[in-house]
Amino acid sequence: MADNKFLVSFSPHTRDPLTTDKVMMLVVLALVPSILVSFYVYGFYAVKTYALTVIFCLGLEALFLKIRKLPVTVRDNSALVTAILLAMNMPPSPPWWLVLAGSFVAIVISKQVFGGLGQNPFNPALVGRVFLLIAWPAEMTSWIEASTLKSGFMFDAVSTATPLGQIKSEIISSGHIVSTGMADVTDLFLGTVSGCLGGDSAIAVLIGGLFLIWKRIIKWHIPFTYLATVFVLTGLYWLISPEKTLNPVQHLLAGGLMLGAFFMATDYVTCPMTIKGQVLFGFGCGLLTVVIRLFGGYPEGVAFSILIMNAVTPLIDNYMRPASFGEVKS
Amino acid sequence: MPFFGFRGGVHPDYNKGATSGKPIEVMPVKEGALYGVPLAQHIGAPAKALVAKNQEVKAGELIGQAAGFISANIHAPVSGKVVALQDLPHPVTGKTAGVIIEASGDQNEILPAEAAEKFQDAVLRAGIVGLGGATFPTNVKLSPPKKVDTLLLNGAECEPYLTCDHRLMLEKTEEIIKGADIIRKALNIENLIIGIEENKPDALAAFGKFVSAYKFELIPLEVKYPQGGEKQLIKACLNRTVPEGMLPLEVGVIVHNVGTCLAVFEAVANRKPLIERVVTVTGAVKEPKNLLVRIGTPVKDIIEYCGGFLGEPRKVVMGGPMMGFALSTLDVPMMKGTSGILVFRSEDLPDLRQCNCIRCGRCVDVCPMGLIPSVMDRFVIREMYESLADWHVMNCIECGCCSYDCPSRRNLAGGFKTSKREVMKVLKAREAQKNG
């Protein structure tokens with residue numbers, strides 16, 4: 001028999017069935033509840049925005065891999081995850097050029113320029129969001145009122161403010177919260193409030209997040225420490241001066257915190273790999289989010305916090321290396 | 001019975017069903033067949049050849065003398081004529097010096113090894129090495145320079161597909177215990193522990209019958225790879241941690257594979273040299289078997305004896321799927337450390353297309369040695385051996401858990417394995433600088 005037909009490779013000769021593209025697909029699957037809620041709340045606008053980000057992100061990824069003369073690996077689904085998360089981080093109905101700009105920054109500037117999949121120091125979708133927020137603040141904060149599917153298909157949407165934005169401007173103008181009944185906890189939980197396209201519904205994000213933990217795609221440490229830190233710190237502040245901030249439950253449910261904690265902060269590429277490191281990372285994200293929300297100029301702090309902690313990730317990985325088996329401290 | 005467990009590890013599909021119920025079958029010696037016996041089937045210096053071309057040898061005759069402290073004797077596996085002294089194919093080094101013997105018709109008699117007073121000498125003369133796959137000369141391990149309080153028998157057999165130890169534990173239960181008893185008495189060791197994975201309840205029951213007669217502790221082990229790793233086993237059974245870079249001896253333990261124990265018993269009680277061993281032949285072969293095979297039998301003949309391939313073979317592995325070696329040729333001979341011969345067709349093999357590391361951290365979670373394989377992989381790619389040394393690559397036991405679990409299909413364990421030689425140079429240079 002001809003011997004050269006035998007494949008010679010390093011052990012192990014068997015592998016776990018989970019591959020990178022399946023991991024990414026599971027993340028997409030976990031986002032489905034949030035996507036469905038945004039369809040329900042924003043109707044046609046949501047469909048259009050998701051379609052645009054997916055087309056732009058996948059297209060740009062393929063184009064730049066081609067330009068770099070690399071195999072076009074769009075099928076690893078990582079660009080798809082970025083596309084969906086970017087859409088969720090935009091207002092419900094952004095103009096097409098805003099989506100294109102965001103996709104370009106996310107895929108090309110913050111991912112491909114650094115070497116593509118696995119090489120980017122910052123979460124691409126968040127870099128895209130923050131870039132747009134700084135470059136086009138007006139377009140990025142033109143919210144439309146949350147409504148049901150039926151009215152969402154109409155084109156005379158009413159513009160409005162997000163709960164956190166409303167509170168922030170009230171505190172800036174008059175020093176304390178003026179409006180009452182804002183940010184009803186049930187509305188926040190279900191997602192029937194104005195805000196970014198996705199992630200408004202805490203319950204939908206939670207379902208997806210728990211699914212990922214159950215499937216062992218992510219560990220619970222980052223989301224838990226992140227949310228717990230925000231809850232405890234905002235709770236303390238709220239106990240001291242309740243007229244200056246929302247209560248801690250509202251803080252947990254409002255804005256992009258849930259989406260950030262379960263889907264953005266846990267991004268493999270940009271978060272630490274060890275449990276100890278992840279706990280520190282989650283705490284850092286929580287602390288920064290609270291500082292920005294309570295004392296900063298922006299109503300929301302999730303995107304900035306995670307990006308800042310992304311920058312610290314290599315340090316955490318380096319200095320929080322667990323002891324090797326039987327390691328003798330010299 | 002305490003069980004402490006160890007951190008990390010993976011749960012690959014065990015695939016032991018094809019052979020676990022099959023009693024050990026003796027593969028007969030075929031007259032005129034060629035047996036290629038490598039002179040190095042162990043860690044350490046190769047044995048020195050004692051025979052010349054055209055010389056008649058008897059099965060069990062010493063044909064290779066252990067050369068140095070860490071070396072092992074080699075015996076003729078069959079009676080016949082030495083037809084050549086030449087290089088043989090080897091799965092790891094490519095080729096190795098060996099003796100080729102043409103079997104004659106008469107195989108009824110096996111020449112006993114030279115008698116010995118000390119049991120260590122009996123083990124040395126029988127050419128016994130660790131049969132779990134590490135092939136460390138057993139007599140060296142049995143001459144501990146310091147006090148040992150526990151002898152730990154390794155019956156985990158955590159590698160998927162392999163069932164040779166399982167069958168030995170069922171069919172040679174008392175002999176294995178007697179082997180352990182010989183070691184225990186000779187070295188004055190208080191505790192004897194036998195650890196067997198819980199997925200072999202019949203083996204646990206078989207040993208259970210002897211617990212009171214021989215006074216040992218039987219520990220059912222969690223079913224997890226690499227449960228049979230020496231340091232993992234000690235941690236799991238005794239909750240002792242072997243310090244990095246040290247041997248189990250450091251914490252007062254010696255670990256022996258159950259097959260090795262049986263060989264020790266046979267060497268001491270019957271003066272039987274190690275010229276055959278049990279191997280599991282499974283995967284895409286017509287009749288999967290547990291076979292008692294003479295050392296030196298070419299893999300080709302073994303597969304033929306099992307009815308040949310089932311379908312189109314794509315990869316043939318010597319050893320288990322987690323740590324075994326892929327063969328480039330079926331002329332490789334059976335060696336003392338060969339526990340399995342596995343045949344895979346294309347459809348049995350995983351897709352090995354690599355992509356970039358996505359830093360998912362799964363390798364970190366499963367590493368039983370507490371290493372960070374994903375970061376170390378970057379050092380391997382950039383040939384940063386200093387950094388590899390600092391990140392404890394020498395502590396890697398090459399179990400392959402990291403590669404197994406990597407969704408990006410990166411060749412993590414393979415990279416560490418190949419880098420270790422360069423890292424050794426770094427460490428030696430550092431040592432020299434410290435002393436100079």
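If you're wondering where the values come from, they're calculated on a predicted model, not measured in any experiment.

J.: Tell me about the overall build of chain A, residues and numbers included.
T.: The number of helices and strands found in chain A is 15 helices and two strands. Computed over C-alpha atoms, the radius of gyration of chain A comes to 21 Å, within 12% of the 20 Å expected from 2.2 N^0.38 for 330 residues, which places it in the range of a compact globule. Each of the three principal axes of chain A carries a C-alpha extent, and together these read 85 × 55 × 35 Å. Each of the 330 residues in chain A was classed as buried or not, and the buried ones make up 53%.

J.: Outline the overall build of chain B, supporting the account with residue identities and numerical values.
T.: What chain B contains, in helices and strands, is 15 helices and 17 strands. Taken over the C-alpha trace, chain B has a radius of gyration of 21 Å; the compact-globule value for 436 residues is 22 Å, and the two agree within 12%. Taken along the three principal axes of its C-alpha coordinates, chain B extends 60 × 55 × 50 Å. When the 436 residues of chain B are sorted by exposure, 59% land in the buried category.

J.: Could you give an account of the packing of aromatic side chains, naming the residues involved and the relevant values?
T.: Ring pairs (aromatic) are described by centroid distance and by the angle formed between their planes. Under the defined criterion, the tally for this structure stands at twelve aromatic pairs over all chains. Taking the centre distance of 6.3 Å and the plane angle of 50° together, the rings of phenylalanine 211 of chain A and tryptophan 214 of chain A count as tilted. Of the two residues, phenylalanine 211 of chain A and tryptophan 214 of chain A both sit in helix H10 (residues 202-214), three residues apart, roughly one turn of that helix. Relative to phenylalanine 224 of chain A, the ring of tryptophan 220 of chain A lies with its centre 5.7 Å away and its plane at 75°, an arrangement referred to as edge-to-face. When its relative accessible area of 46% is taken as the criterion, tryptophan 220 of chain A is described as partly exposed. Among the aromatic residues, those joined into a ring-pair cluster are Trp97, Phe131 and Trp136 of chain A. Geometry around tryptophan 391 of chain B places arginine 321 of chain A over its ring, the cationic atom sitting 5.6 Å from the centre.

J.: Please provide a residue-by-residue account of the confidence of the model for chain A, values included.
T.: Overall, the predicted model of chain A reaches an average pLDDT of 88, with 92% of residues at or above 70. Between residues 149-156 of chain A, whose pLDDT stays under 50, and residues either more than four places distant or in other chains, the model counts 13 contacts.

J.: Requested: an account of the pattern of salt bridges, with residues and values cited.
T.: When their charged atoms lie close together, side chains carrying opposite charge are able to pair. Residues and elements named next belong to chain B. All told, the structure shown has 30 salt bridges over all chains when counted by the stated rule. When the shortest N-O distance is used, the salt bridge between arginine 345 and glutamate 347 registers 3.8 Å. Classification of arginine 345 by relative accessible area gives partly exposed; the value is 23%. A relative accessible area of 61% means that glutamate 347 is categorised as exposed. Note that aspartate 351 and arginine 353 form a salt bridge whose closest N and O atoms lie 2.7 Å from each other. Taking relative accessible area as the criterion, aspartate 351 reaches 41% and is therefore assigned partly exposed. A single salt-bridge network, built from bridges that share partners, covers Glu266, Lys272, Glu276 and Arg294.

J.: Residue-level account of the interface of chain A and chain B, with values.
T.: The interface of chain A with chain B comprises 43 residues on the first partner and 64 residues on the second. Between chain A and chain B, a total of about 4,500 Å² is buried, with carbon and sulfur atoms accounting for 58% of that surface. The three residues of chain A that bury the most area against chain B are His13, Arg15 and Phe325 of chain A, which together make up 20% of that side's buried surface. Counting every contact that joins chain A to chain B gives three salt bridges. Arginine 362 of chain B is the salt-bridge partner of aspartate 16 of chain A, the closest N and O atoms lying 3.5 Å from each other. At the junction of chain A with chain B, the criterion picks out 24 residue pairs in polar contact (both at pLDDT 80 or more). Among the elements of the structure, helix H1 (20-42) and helix H15 (302-319) of chain A are those that each provide at least two residues to the side of chain A that touches chain B. Here the residues of the side of chain A that touches chain B are counted per class, giving 20 nonpolar, 14 polar and nine charged.

J.: Tell me about the sheet that holds strand S1 (residues 25-26) of chain B, residues and numbers included.
T.: Residue and element names in this part refer to chain B. Pairing is mixed across the open sheet formed by six strands, whose spatial order is S1-S14-S13-S17-S15-S16. Each of the sheet's edge strands pairs with one partner strand only, and the pair in question is S1 and strand S16 (325-326). Where strand S15 (residues 313-318) lies against strand S17 (residues 340-345), five bridges are found, and the strand directions are antiparallel. The partner of proline 313 across the bridge, within S17, is arginine 345. In the packing of helix H4 (residues 164-171) onto the sheet, the strands contacted are strand S13 (276-283) and strand S14 (289-294), and the crossing angle to S13 comes to about 125°.

J.: Tell me about the state of the cysteines, and name the residues and values.
T.: All names here are of chain B. Overall, the coordinates contain zero disulfides over all chains when judged by the stated rule. Cysteine cysteine 261 is unpaired, with the sulfur of cysteine 237 as its nearest cysteine sulfur at 14 Å. Cysteine 406 provides the cysteine sulfur closest to cysteine 355, a residue in no disulfide bond, and the two sulfurs are 7.4 Å apart.

J.: Summarise the nonpolar core; cite the residues concerned and give the values.
T.: Generally speaking, soluble globular proteins have nonpolar side chains that are buried together. Residue and element names in this part refer to chain A. If you look at the biggest cluster of nonpolar residues, it comprises 87 residues, and the most contacted ones within it are Leu31, Ile217, Tyr226 and Phe263. If one sorts the elements of this core by residue count, H1 sits on top with ten residues. Apart from residues lying up to four places away in sequence, phenylalanine 263 is in contact with Val27, Ala30, Leu31, Leu85, Val205, Gly208, Gly209 and Leu212.

J.: For the environment of glutamate 383 of chain B, give the residues involved together with the corresponding values.
T.: Structurally, the position occupied by glutamate 383 of chain B is in the loop between helix H12 (373-381) and helix H13 (385-390). When the C-alpha positions of glutamate 383 of chain B and aspartate 181 of chain B are compared, they lie 48 Å apart, and in sequence the two are 202 residues distant.

J.: Tell me about unusual backbone geometry, and name the residues and values.
T.: For the bond from serine 11 of chain A to proline 12 of chain A, the omega torsion is -5°, close enough to zero to count as cis. With respect to the secondary-structure elements, proline 12 of chain A resides in the segment before H1. A positive phi angle, close to 70°, is found at asparagine 77 of chain A, a residue other than glycine. Along the chain, asparagine 77 of chain A turns up in the loop between helix H2 (44-67) and helix H3 (78-88). Its identity as a non-glycine residue notwithstanding, asparagine 15 of chain B has a phi of 50°, on the positive side.

J.: How would you sum up the side chain of serine 110 of chain A? Please name residues and give values.
T.: Tracing the backbone through its elements, the reader meets serine 110 of chain A in the loop between helix H4 (96-109) and helix H5 (124-135). Leaving out residues up to four positions away in the same chain, serine 110 of chain A has contacts with Val105, Asn120, Phe122, Pro124 and Val127 of chain A.

J.: Account for the side chain of threonine 266 of chain A, with residues named and values stated.
T.: For threonine 266 of chain A, the position within the fold is in the loop between helix H13 (257-264) and helix H14 (275-295). Only 2.6 Å separates the side chain of threonine 266 of chain A from the backbone oxygen of phenylalanine 262 of chain A, close enough to count as a polar contact.

J.: So what's going on with a nonpolar patch on the surface? Residues and values would help.
T.: Residue and element names in this part refer to chain A. A grouping of Val185, Phe231, Val232, Leu236, Trp238, Leu239, Ile240 and Val249 is seen on the molecular surface, where their side chains present a nonpolar patch of about 750 Å² in accessible area. By secondary structure assignment, the location of leucine 236 is in helix H11 (residues 221-240). Look at leucine 236 and you get partly exposed, because its relative accessible area is 49%.

J.: Lay out the environment of phenylalanine 207 of chain B with the relevant residues and their values.
T.: Residues and elements named next belong to chain B. In this structure, phenylalanine 207 sits in helix H6 (residues 201-208). The class for phenylalanine 207 is buried, based on a relative accessible area of 0%. Separated by 34 residues in sequence, phenylalanine 207 and threonine 173 have C-alpha atoms that sit 6.4 Å apart. The contact partners of phenylalanine 207, leaving out residues within four places of it in the chain, are Met169, Thr173, Ile176, Ile177, Ile194, Ile196, Phe216 and Leu218.

J.: Account for the sheet that holds strand S5 (residues 62-65) of chain B, naming residues and giving values.
T.: Read across the open sheet, the three strands follow the order S3-S5-S6 (chain B); overall the sheet is antiparallel. Because the sheet does not close on itself, it has two edges, and the strands there are strand S3 (48-49) and strand S6 (74-75) of chain B.

J.: I'd like to hear about the packing of H1 of chain A against H10 of chain A, residue by residue, with values.
T.: Residue and element names in this part refer to chain A. Taken N-terminus to C-terminus, the directions of H1 and H10 make an angle of 165°; their axes are 8 Å apart at the nearest point. With respect to their mutual orientation, H1 and H10 come out roughly antiparallel. The hand of the H1/H10 crossing is right-handed. Every residue of H10 that contacts H1 at Leu26, Val27, Leu29, Ala30, Pro33, Ser34 and Val37 is listed here: Ala204, Val205, Ile207, Gly208, Phe211 and Leu212.

Cut-offs and rules
Residues numbered from 1 in each chain as written. Chains lettered and ligands numbered in written order. Predicted model: local features only at pLDDT ≥ 70, side-chain atom pairs only at ≥ 80, totals over all residues. Heavy atoms only, no water. Helix = DSSP H or I, 4+ residues; strand = E, 2+ residues; numbered from the N terminus. Rg over C-alpha atoms; globule rule 2.2 N^0.38 Å. Buried < 20%, exposed > 50% of the residue type's maximum accessible area, 1.4 Å probe, protein only. Phe/Tyr/Trp six-rings, centres within 6.5 Å; stacked < 30°, edge-to-face > 60°. Lys NZ or Arg CZ within 6 Å of the ring centre and 35° of its normal. pLDDT = per-residue confidence, 0-100. Contact = heavy atoms within 4.5 Å. Salt bridge = Lys/Arg side-chain N within 4 Å of Asp/Glu carboxyl O. Buried area = accessible area lost by both parts, 1.4 Å probe. Polar contact = N/O pair within 3.5 Å; in protein donor to acceptor, adjacent residues only side chain to side chain. Nonpolar A, V, L, I, M, F, W, Y, C, P; charged D, E, K, R; others polar. Pairing = 2+ DSSP bridges. Axes fitted to C-alpha atoms, helices over the stretch in contact; angles between N-to-C directions. Disulfide = S-S within 2.5 Å. Core = buried A, V, L, I, M, F, W, Y, C linked by side-chain atoms within 4.5 Å. Patch = residues over 30% accessible without salt bridge, like charges linked within 9 Å, V, L, I, M, F, W, Y side chains within 5 Å. Areas by Shrake-Rupley, 256 points an atom, 1.4 Å probe, with all protein chains shown as cover. Parallel < 35°, antiparallel > 145°, perpendicular 65-115°, else oblique. Left-handed = near helix turned anticlockwise from the far one by under 90°.

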